[in-house]
Amino acid sequence: MQDDGIVIHNEADLENMRAACRLAASVLEFIDEYVVEGVTTIELSELCNEFIISHGATSATLGYNGFPGAVCTSVNDVICHGIPGSYRLKSGDIINIDVTVNLDGWHGDTSKTFLVGQCTKLATTLVEVAERALYVGISAAKPYGYFGDIGKAIQKYVDCCGFSIVRNYCGHGIGRKMHDEPMVIHHDDHDLGPQILPGMFFTIEPMINVGSHRTKVMKDGWTVATIDKSLSAQFEHTIAALETSVEIMTRSSKHNVTKLV
């Protein structure tokens, strides 16, 4: 561990994380066919939980500081931490499903925003930009570069697309802990931040809004929504910094649009 609290992992840790991340990616692949009109968000959460348990792991979010869901289900103007419940998806909705599994003490974390039925051009474009923003950030994550490069690249891209980036929620270090150092900022805060070194594991997960970047926390204490009720979309991967490249550990055939590393 470095003086700044960021854990530097070894090869054995990397193999353990790869297994956890493969499982997290598999959850999103599994749930894909169930994200349809008429399904409730709690049904999606329960299906994910059954899949996770059947593969010898547990949901890291279920019970985390009291969170009641096996996954986060964030619909339309909900940015993140949406609690699964009785809401029934309808055509035109977008929904982010955020999965974190705990496999043998290691955490794999990934999310995807799904389009439900016939969505507007604006919603479709937002989702495309959010996914591309993730890969722009990954491309900027270079071994021996700096974490600040990630946010700078994402903001440049998103600004050109006319959308906004949520500022008060970010990516994070991950491993044996679900949330660890460093914070991975998704906008340009004019700070280089820590250096990216081989052995670091972290998430990149930009949250992109149609309107204002400002947020509000709902009465349940978890659900984070846009201040102006505009749509929000997010994609997330767990990343390992290697000696000469970075590895997308939560890569899956259904989750990726472009091979960048």
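Look up a bit, the structure's there.
Since we're looking at a predicted model, the values are computed, not measured.

Calculation notes
- Residues numbered from 1 in each chain as written.
- Predicted model: local features only at pLDDT ≥ 70, side-chain atom pairs only at ≥ 80, totals over all residues.
- Heavy atoms only, no water.
- Pairing = 2+ DSSP bridges.
- Helix = DSSP H or I, 4+ residues; strand = E, 2+ residues; numbered from the N terminus.
- Axes fitted to C-alpha atoms, helices over the stretch in contact; angles between N-to-C directions.
- Buried < 20%, exposed > 50% of the residue type's maximum accessible area, 1.4 Å probe, protein only.
- Contact = heavy atoms within 4.5 Å.
- Core = buried A, V, L, I, M, F, W, Y, C linked by side-chain atoms within 4.5 Å.
- Phe/Tyr/Trp six-rings, centres within 6.5 Å; stacked < 30°, edge-to-face > 60°.

### Quick notes on the sheet that holds strand S12 (residues 224-226)
Right, on to step 1. Strand order across the open sheet formed by three strands is S3-S12-S11, with antiparallel pairing between neighbours. A strand with exactly one partner marks an edge of an open sheet, and here the two such strands are strand S3 (78-80) and strand S11 (215-217). Between one strand and the next, the sheet's axes are offset by a mean angle of 40 degrees, whatever the strand orientation.
Right, on to step 2. Relative to S12, S3 runs antiparallel, the two sharing two bridges. Within the sheet, the bridge partner assigned to Val-78 lies in S12 and is Ala-225.

### Overview of the environment of Leu-126
Right, on to step 1. Take Leu-126: it is sitting in helix H3 (residues 121-140).
Right, on to step 2. Owing to a relative accessible area of 0%, Leu-126 belongs among the buried residues under this scheme.
Right, on to step 3. For the pair Leu-126 and Gln-234, spaced 108 residues apart in sequence, the C-alpha to C-alpha distance is 9.3 Å.
Right, on to step 4. Ignoring sequence-local partners within four residues, the contact set of Leu-126 consists of Ile-94, Phe-163, Ile-208, Asn-209, Val-210, Leu-231, Ser-232 and Ala-233.

### Regarding the pairing of strand S8 (residues 180-184)
Right, on to step 1. For strand S7 (residues 171-173) and S8, the ladder comprises three bridges, and the chain directions are antiparallel. Within the sheet, the bridge partner assigned to Gly-171 lies in S8 and is Val-184.
Right, on to step 2. Hairpin geometry of S7 and S8 is characterised by an intervening segment of six residues between the two adjacent antiparallel strands.

### Concerning the nonpolar core
Soluble, globular proteins show a tendency: their nonpolar side chains are buried together.
Right, on to step 1. Core analysis: the biggest nonpolar cluster contains 33 residues, and Ile-94, Ile-138, Ile-150, Phe-202, Ile-204 and Ile-208 have the highest contact counts within it.
Right, on to step 2. Where this core is concerned, the elements lending two or more residues are H3, helix H4 (148-161), strand S9 (201-204), strand S14 (237-241) and strand S15 (246-248).
Right, on to step 3. The leading source of residues in this core is H3, at nine residues.

### Quick look at the packing of aromatic side chains
Right, on to step 1. Here the structure, examined in full by the defined rule, presents four aromatic pairs.
Right, on to step 2. For the ring pair Phe-30 and Tyr-34, a centre distance of 5.3 Å and an interplane angle of 50 degrees mean the geometry is tilted.
Right, on to step 3. Ring geometry for Phe-67 against Trp-222: centres 5.1 Å apart, planes inclined by 80 degrees, an arrangement best described as edge-to-face. Placement of the pair is Phe-67 in the loop between strand S1 (58-59) and strand S2 (72-75) and Trp-222 in the loop between S11 and S12, with a sequence separation of 155 residues.
Right, on to step 4. On the basis of relative accessibility, which here comes to 21%, the residue Trp-222 falls in the partly exposed class.
Right, on to step 5. Members of the aromatic cluster, each reached through a chain of ring pairs, are Phe-30, Tyr-34 and Phe-51.

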